[in-house]
Amino acid sequence: MDDAVTVRDLVVDRGARRVLPGLTCAVPAGRVTGLLGPSGSGKSTLLRAVVGVQRVRSGEVVVLGRPAGSPALRSRVGYVTQEPSVYADLTVRENLRYFAALYGRGAAAADAAIADVGLRDAAGQLVRDLSGGQRGRVSLASALVGEPELLVLDEPTVGLDPVLRAELWERFAALAAAGTTLIVSSHVMDEARRCDRLLLLREGELLSDSTPEQLRAESGTDDLEESFLHLIRTRQGVAA
Ligand SMILES: Nc1ncnc2c1ncn2[C@@H]1O[C@H](COP(=O)(O)OP(=O)(O)OP(=O)(O)O)[C@@H](O)[C@H]1O
């Protein structure tokens, strides 16, 4: 299987801190890859490097065959940050029509993206009047509307209720089935089971690159949270 993203020996410093000390990993094309790890482990930093907005000290990040951040990737990669980046003084529909137009798409694509994130009933509302979770979904829709080949989503389900969260994960799986590559960061281990592949980060190091099934088998538990803890303890044991 082809890799949509390859990261080799990536070193990133943020402030005085070395956040990624030499990370090597890959993201398979047409799959949902979960990027998991505790708060501060470097997930957002890695995602920023993949979309080409992170200053890197050394190493290589190749995205869809080109260096991360290449102008040619702009319309092929969608990025949704933790902070919703949409226009508060426009309605949901106006936001989506605007983003659709940027990608050369029309009103039908905008409406479809609104429906995809479950906001049809709020389409006429100003974004500033929405809840935080709803605003996040508008941001997600603004990336979906461009139908990018690679979708990079930084904690897209934060603040969502379980029903919506499940619906979004179904949507991610459907996108992957249609050929889109998704990288989804989360620190909710429950979401790990919905991924085809899992990258587990801890303090900027890749603890594991496997599937949910492999992870469970290796640790002898069905609980992915337990598996993660098992992995950390094993590594600490090895390091001691
Ligand atoms: N602008 C910055 N200047 C200095 N250090 C930073 C900056 N942004 C992040 N860091 C540090 O880099 C480390 C990794 O941060 P990062 O946001 O990549 O982690 P994360 O795994 O995405 O965390 P979370 O799950 O909480 O979003 C943290 O220790 C953080 O304090």
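Figured I'd write up the structure that's included with this text. (Residues numbered from 1 in each chain as written. Predicted model: local features only at pLDDT ≥ 70, side-chain atom pairs only at ≥ 80, totals over all residues.)

**Points about the overall build of the protein chain**
Move 1: A count of helices and strands for the protein chain gives eight helices and 10 strands.
Move 2: Along the three orthogonal principal directions, the C-alpha set of the protein chain runs to about 60 × 40 × 35 Å.
Move 3: Burial statistics for the protein chain: of 240 residues in total, 40% are counted as buried.
Move 4: In the protein chain, the proportion of contacts linking residues at least 24 apart, taken out of those at least 6 apart, comes to 66%. (Helix = DSSP H or I, 4+ residues; strand = E, 2+ residues; numbered from the N terminus. Buried ≥ 20, exposed ≤ 12 C-beta atoms within 10 Å, placed from the backbone. Contact = placed C-beta atoms within 7 Å.)

**A few points about the site of the ligand**
Move 1: Around the ligand, 13 residues are found, and the nearest of them are Gly15, Ser39, Lys43, Ser44 and Thr45.
Move 2: Across the shell around the ligand, the residue classes tally to one nonpolar, nine polar and three charged. (Near = placed C-beta within 6 Å. Nonpolar A, V, L, I, M, F, W, Y, C, P; charged D, E, K, R; others polar.)

**Brief notes about the environment of Ser142**
Move 1: Checked against the element boundaries, Ser142 lands in helix α4 (residues 132-144).
Move 2: Under the C-beta neighbour-count criterion, Ser142 is labelled buried, with 26 such atoms within 10 Å.
Move 3: It is 7.6 Å that separates the C-alpha atoms of Ser142 and Asn95, two residues lying 47 residues apart in sequence.
Move 4: Contacts of Ser142, omitting those with residues within four sequence positions, involve Val86, Asn95, Leu96 and Phe99.

**Concerning helix α1 (residues 43-51)**
Move 1: The buried fraction of α1 amounts to eight of the nine residues, a majority that puts the element mostly inside the structure.
Move 2: Every buried residue of α1 is listed here: Lys43, Thr45, Leu46, Leu47, Arg48, Ala49, Val50 and Val51.
Move 3: A positive phi of about 85 degrees marks Gly52, the residue just after α1.

**Side note on the environment of Leu160**
Move 1: On the secondary structure map, Leu160 appears in the loop between β7 (150-154) and α5 (162-177).
Move 2: C-alpha separation for the pair Leu160 and Leu96, spaced 64 residues apart in sequence, amounts to 20 Å.
Move 3: Ignoring anything within four residues of it in the chain, the contact list for Leu160 reads Gly133, Arg165 and Leu168.

**Regarding the packing of helix α2 (residues 92-102) against α4**
Move 1: Interaxial distance between α2 and α4 falls to 9 Å at its minimum, and their mutual angle equals 25 degrees. As judged from the angle between their axes, α2 and α4 are roughly parallel. The two elements α2 and α4 meet at a crossing, and its hand is right-handed. Contact residues: α2 offers Val92, Asn95, Leu96 and Phe99, while α4 offers Val138, Ala141 and Ser142.
Move 2: Across the contact of α2 with α4, the residue classes break down as five nonpolar, two polar and no charged. (Axes fitted to C-alpha atoms, helices over the stretch in contact; angles between N-to-C directions. Parallel < 35°, antiparallel > 145°, perpendicular 65-115°, else oblique. Left-handed = near helix turned anticlockwise from the far one by under 90°.)

**Overview of the sheet that holds strand β1 (residues 3-14)**
Whether parallel or antiparallel, the strands of a sheet pair through hydrogen bonds between backbone atoms.
Move 1: The four strands lie next to each other as β2-β1-β4-β5, forming an open sheet whose pairing is antiparallel. The sheet is open, and its two borders are formed by β2 (17-28) and β5 (66-67), each paired with just one other strand.
Move 2: As paired elements, strand β4 (residues 58-63) and β5 share two bridges and run antiparallel to each other. Residue pairing in the sheet places Val62 in a bridge with Pro67 of β5.
Move 3: The strands that α1 touches are β1, β2 and β4; relative to β1, the one it contacts most, it runs at about 120 degrees. (Pairing = 2+ DSSP bridges.)

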